[in-house]
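# Inside the fold
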Amino acid sequence: MNKYLFYPGCSMDTSARAYNESLMAIRDVLEIDLAEINDWNCCGATEYLGINLIPAYALIARNLALATKQANGTRTVVASCSACYLNLAKADHYMGEREALNVHVNDALAAGGLSYKPGSLEIRHLLDVIINDIGLDFVRSKVVKPLKGLRVAPYLGCMVPRPDYKKRWSDHEHPNELDRLLKALGAEVIDFPLKTHCCGGHMTQISPSTAFELIRRLLQSADQYRADVMVTVCPMCQMNLDAYQRETNQHFHTNYQIPILFFTQLMGVAFGKEPKELGFGRELVKANQAMSRIGVETPTEEPKVQPRRKKPTGLPMPTMPGEAVEEE
Amino acid sequence: MTTLARKFNDTDPNVRFLEEVSERTAGVSRLEMCIQCGTCGGSCPSAADMDHTPRMLFALIRAGMREEALSSNTPWICVSCYHCVVRCPQDVHIADVMYTLKSMAIQAKLYKDSTAPDFSQTFVDMVETYGRSYEFGLATRHYLKHFPLRMPSMAPMGLGMLSKKRMDITPKRIEGIEQLKAILARAKQLEVVS
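Residues numbered from 1 in each chain as written. Chains lettered and ligands numbered in written order. Predicted model: local features only at pLDDT ≥ 70, side-chain atom pairs only at ≥ 80, totals over all residues. Heavy atoms only, no water.

## Observations concerning the sheet that holds strand β8 (residues 260–262) of chain A
Residue and element names in this part refer to chain A. One open sheet holds the four strands; their spatial order is β6-β5-β7-β8, and the pairing between them is parallel. This sheet does not close on itself; its edge strands, each paired only once, are β6 (188–189) and β8. Sheet topology note: the strand β7 (residues 229–232)/β8 ladder contains three bridges and is parallel. Each residue of the ladder has a partner; that of M230, found in β8, is I260. Here helix α7 (residues 177–184) sits on the sheet in contact with β5 (151–155), β6 and β7, set at roughly 150° to β5. Across the sheet, helix α10 (residues 235–243) touches β5, β7 and β8, and the angle it forms with β8 is around 160°. (Pairing = 2+ DSSP bridges. Helix = DSSP H or I, 4+ residues; strand = E, 2+ residues; numbered from the N terminus. Contact = heavy atoms within 4.5 Å. Axes fitted to C-alpha atoms, helices over the stretch in contact; angles between N-to-C directions.)

Printed below as a string of structure tokens:
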């Protein structure tokens, strides 16, 4: 059994609950032991770095310091969120690269009775661990329900393959790790050209039109390749593409309905786990239709009847290609 | 390291601007290595919404044009996708320089649109209070102040997130919050010194 220290990050308990649930459900199959870092704090996302340098790094480094104290037979910290992964890796990397930063951050940590020596931990993303430690042969051997017939767009986002301080990924812009994993599960994987493009990050909150354009590009590309679902490795990407898909559609007068799932959810399905324990049904763009194509029933709520927005007697409205014309 | 400022002991803050930006960036910024090739702007997914492409911004910094550089929206539109970083032939730490410029713009009060700085500050306030991010509090505070008109179109999403238990109404607090506060208080003193 491989042992790791686990940094879940804030989203795993809230917006990315499905990620957490599915990861917990497949832990045993993967034979990994994830020991959560006790009393970890938020990594500061991309927000704190733009406010104050030393506090931002001290905030991240508290987690590294706590992890070092807890390290028991392992020095590898696994993060499931791309932004958390990058922040933890970044603090470790820059504290090693620049002595002044190291001194200041440790000075701050000392105020809380902690310290961290850069390089003492190995920071890795969950996907990296599954591909490189557990291995695809092992994953393949555990598949009981191949995802045959499910067309999947593998979406990795930015912060896992870039900047990639330790050169772990096959490519910065077109890495094949996620593709290979999904193929091992039996899925039909499209060659998704935008697989490492940006989901918009926090722009949904500060410059919505910038974010909607980035989201639109991803949805349009996945749609052009006739993907049934898009698979992500990051809570932020899932949130932007799933929860803001409706607003993006409104903004561009489009009608994309592409379910956005976590790779761990599809792993769980292929391993024969019940969709309910894998967090299916929490997505806002429903995945049940796509999953039913491969004979998997996923939970969903009863669709509520929405009030009609347009009167049928109103002026005829232009429709997008492929959009059904409503008839009364 | 880069300008002649140190040598001649020039105290004009504009002369020392490049040096200052480099100094305040987390790692070794390599900003002085920029050859103005424009690969960064060409790789940028959000360049269309920027006042200056990253290349132009770096030219402003090197020319000591502090006010223009710090009032540009460019660092705030940067989505931290690191496309430019991996493509830069000179390995300039572009994304980290953008973070530096944001913090300098806030301190110099030069960036006029408060939407993005407010969002960052509100996020940080939540983290400093609870030790964890608190999306419900963050979203309501931010939308009421900056996007009140967007709330109706956001409502279905917000309700969906709540009903699917993807957003908590109450915040979670870490046990070592006092320890974290002590660390951050000390860190802020160090920030002022350096």
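## Concerning the interface of chain B and chain A
Between chain B and chain A, the residue contacts involve 71 residues of the former and 75 residues of the latter. With both chains or domains summed, chain B and chain A bury close to 6,300 Å², and 58% of this area falls on carbon and sulfur atoms. Counting the contacts that link chain B with chain A gives eight salt bridges. Here D96 of chain B and K90 of chain A are joined by a salt bridge, their closest N and O atoms 2.6 Å apart. The interface formed by chain B and chain A holds 40 residue pairs in polar contact (both at pLDDT 80 or more) in total. Secondary structure elements with two or more residues in the side of chain B that touches chain A: α2 (17–23), α6 (74–77), α7 (83–87), α8 (94–108), α9 (115–130), α10 (135–146), α11 (151–163) and α12 (177–193) of chain B. With ten residues, α12 of chain B is the single largest residue contributor to the side of chain B that touches chain A. (Buried area = accessible area lost by both parts, 1.4 Å probe. Salt bridge = Lys/Arg side-chain N within 4 Å of Asp/Glu carboxyl O. Polar contact = N/O pair within 3.5 Å; in protein donor to acceptor, adjacent residues only side chain to side chain.)

## Thoughts on the packing of helix α3 (residues 82–97) of chain A against helix α4 (residues 99–110) of chain A
Residues and elements named next belong to chain A. As a packed pair, α3 and α4 sit with axes 5 Å apart at the nearest point and diverge in direction by 115°. Residues Y94, M95 and E97 of α3 form the contact with α4, whose own contacting residues are E99, L101, N102, V105 and N106. Of the residues that constitute the contact of α3 with α4, the class distribution is four nonpolar, two polar and two charged. (Nonpolar A, V, L, I, M, F, W, Y, C, P; charged D, E, K, R; others polar.)

## A few points about the domain arrangement of chain A
Residue and element names in this part refer to chain A. Along its sequence, chain A is carved into domain 1 (2–126) and domain 2 (143–292). Each partner contributes residues to the interface: domain 1 has 30 residues there, and domain 2 has 24 residues. Across the interface of domain 1 and domain 2, roughly 2,400 Å² is buried in total on both sides, 69% from carbon and sulfur atoms. Linking domain 1 with domain 2 are two salt bridges, by the criterion used here. Linking R168 and E122 is a salt bridge whose minimum nitrogen-to-oxygen distance equals 4.0 Å. Elements supplying a minimum of two residues to the side of domain 1 that touches domain 2: α1 (17–30), α3 and β4 (122–125). Sorting elements by how many residues they give to the side of domain 1 that touches domain 2 places α1 first, with ten residues. Here the side of domain 1 that touches domain 2 is built from residues that sort into 16 nonpolar, eight polar and six charged. (Domains from an automatic or database assignment.)

## Brief notes about the domain arrangement of chain B
For chain B, the assigned domains read domain 1 (5–108) and domain 2 (115–193). Here the C-alpha centroids of domain 1 of chain B and domain 2 of chain B sit 28 Å apart.

## Let's talk about the sheet that holds strand β1 (residues 2–7) of chain A
Residues and elements named next belong to chain A. Taken together, four strands build an open sheet; the order of strands is β2-β1-β3-β4 and the sheet is parallel. A strand with exactly one partner marks an edge of an open sheet, and here the two such strands are β2 (32–36) and β4. Averaged over all pairs of adjacent strands, the angle between strand axes in this sheet comes to 40°, irrespective of strand direction. Note that β1 and β2 share five bridges and pair parallel. By the bridge assignment, F6 is partnered in β2 with E36. Against the sheet, α1 contacts β1, β2 and β4, and its axis sits at roughly 135° relative to β2. Running over the sheet, α3 touches β1, β3 (76–79) and β4 and is turned about 160° from β4.

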